[in-house]
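Given next are the chains, with one letter for each unit.
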Amino acid sequence: MRVHVADHPLITHKLTVLRDVNTPSPVFRALVEELMTLLAYEGTRGVRVEPVDIVTPVAPTTGVRIAEPRPLIVPILRAGLGMLEGMVKLLPSAEVGFLGMARDEETLEPTTYAERLPDDLSDRQCFVLDPMLATGGSLSAAIRFLLERGATDVTAICILAAPEGLTAVEQSLEGHEVSIVVGAVDERLNEHGYIVPGLGDAGDRLYGTV
Ligand code: PRP
Ligand code: URA
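**Student:** Quick one: what's the story with the site of ligand 2, residue by residue and with numbers?
**Tutor:** Looking at ligand 2, the residues that line it are R103, M132, A134, G193, Y194, I195, G200, D201 and A202. Within the backbone of I195, one N or O atom sits 2.9 Å away from an oxygen atom of ligand 2. One of the backbone nitrogen or oxygen atoms of G200 is found 2.8 Å away from a nitrogen atom of ligand 2. Relative to its unbound accessible surface of 240 Å², ligand 2 loses 88% to contact with the protein. The residue inventory of the shell around ligand 2, partitioned by class, reads five nonpolar, two polar and two charged.

So, in structure tokens, the structure goes:
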């Protein structure tokens, strides 16, 4: 598993405002989208392209375009939905699949309540979006869904991760080629499975408490 921490001053600046308990939901939502655009720049570094011939006003030349089959973006509901718009702005030709997952706050085990993915993901580049990688249970389960459908090229883009969660995902997906791009790796998890210092419950801060 490859982990890339996108430590850029703009990302750290926006993350600081995102973490602040006084940041209201509308600002939080806007920041998640902006951070996604910055993280997508790193996360899509390996996106597959193919040559294309074009003619500029001056001369013919060869450029590139996003290759077929089109990439698949998979936000993990709810909180991953906040990252979707920022990602499709950069990759407008991509298709979007959905996974709904909720972590049991007692056991910290994820359950899947919704799944809308193509059956065959062989040859598809997949980009999984979830702002928080805490214990890693949700992300491991989400990536396993994709691997079971034949995906071989999976990149997860997260805003924050805990070191324990990164280790757990690596162990759970051993032997598979998976990349993770993350805005920051925080100190640890607390006794409730929350990232410290973190930003609290990302879904609640985006959309309010269910
Ligand atoms: C949050 C977050 C991740 C998960 C991370 O979602 O968006 O999906 O927790 O925790 P883990 O790494 O320990 O599995 P949550 O289950 O709270 O659902 P929500 O997005 O609907 O708020
Ligand atoms: N889910 C969140 O939204 N935040 C955390 O810190 C951990 C899990």
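Following the structure, the description resumes.
**Student:** Lay out the packing of helix 2 (residues 25-43) against helix 3 (residues 81-90) with the relevant residues and their values.
**Tutor:** At a minimum axis distance of 8 Å, the contact between helix 2 and helix 3 shows a crossing angle of 45°. On the basis of the axis angle, helix 2 is oblique to helix 3. Pair helix 2 / helix 3 crosses with right-handed handedness. Across from V32, E33, M36, T37, A40 and Y41 in helix 2, the residues of helix 3 making contact are G82, M83, E85, G86, M87, K89 and L90. Taken together, the residues of the contact of helix 2 with helix 3 break down into seven nonpolar, three polar and three charged.

**Student:** So what's going on with a nonpolar patch on the surface? Residues and values would help.
**Tutor:** A surface patch of nonpolar side chains, amounting to about 190 Å² of accessible area, comprises V3, V5 and V185. Relative to the assigned elements, V5 resides in strand 1 (residues 2-5).

**Student:** Please give an account of helix 5 (residues 163-172) that cites residues and values.
**Tutor:** Among all positions of helix 5, only G165, L166 and V169 are buried. Along the long axis of helix 5, the arc covered by the buried residues comes to 100°, so they all point the same way. On the buried face of helix 5, the contacting elements are strand 1, strand 9 (132-133), helix 4 (137-148), strand 10 (153-161) and strand 11 (178-185).

Definitions and limits used
- Residues numbered from 1 in each chain as written.
- Chains lettered and ligands numbered in written order.
- Predicted model: local features only at pLDDT ≥ 70, side-chain atom pairs only at ≥ 80, totals over all residues.
- Heavy atoms only, no water.
- Near = heavy atom within 4 Å.
- Polar contact = N/O pair within 3.5 Å; in protein donor to acceptor, adjacent residues only side chain to side chain.
- Areas by Shrake-Rupley, 256 points an atom, 1.4 Å probe, with all protein chains shown as cover.
- Nonpolar A, V, L, I, M, F, W, Y, C, P; charged D, E, K, R; others polar.
- Axes fitted to C-alpha atoms, helices over the stretch in contact; angles between N-to-C directions.
- Helix = DSSP H or I, 4+ residues; strand = E, 2+ residues; numbered from the N terminus.
- Parallel < 35°, antiparallel > 145°, perpendicular 65-115°, else oblique.
- Left-handed = near helix turned anticlockwise from the far one by under 90°.
- Contact = heavy atoms within 4.5 Å.
- Patch = residues over 30% accessible without salt bridge, like charges linked within 9 Å, V, L, I, M, F, W, Y side chains within 5 Å.
- Salt bridge = Lys/Arg side-chain N within 4 Å of Asp/Glu carboxyl O.
- Buried < 20%, exposed > 50% of the residue type's maximum accessible area, 1.4 Å probe, protein only.
- Arc of directions from axis to C-beta.

Function cannot be inferred from these measures alone, as they are strictly geometric.
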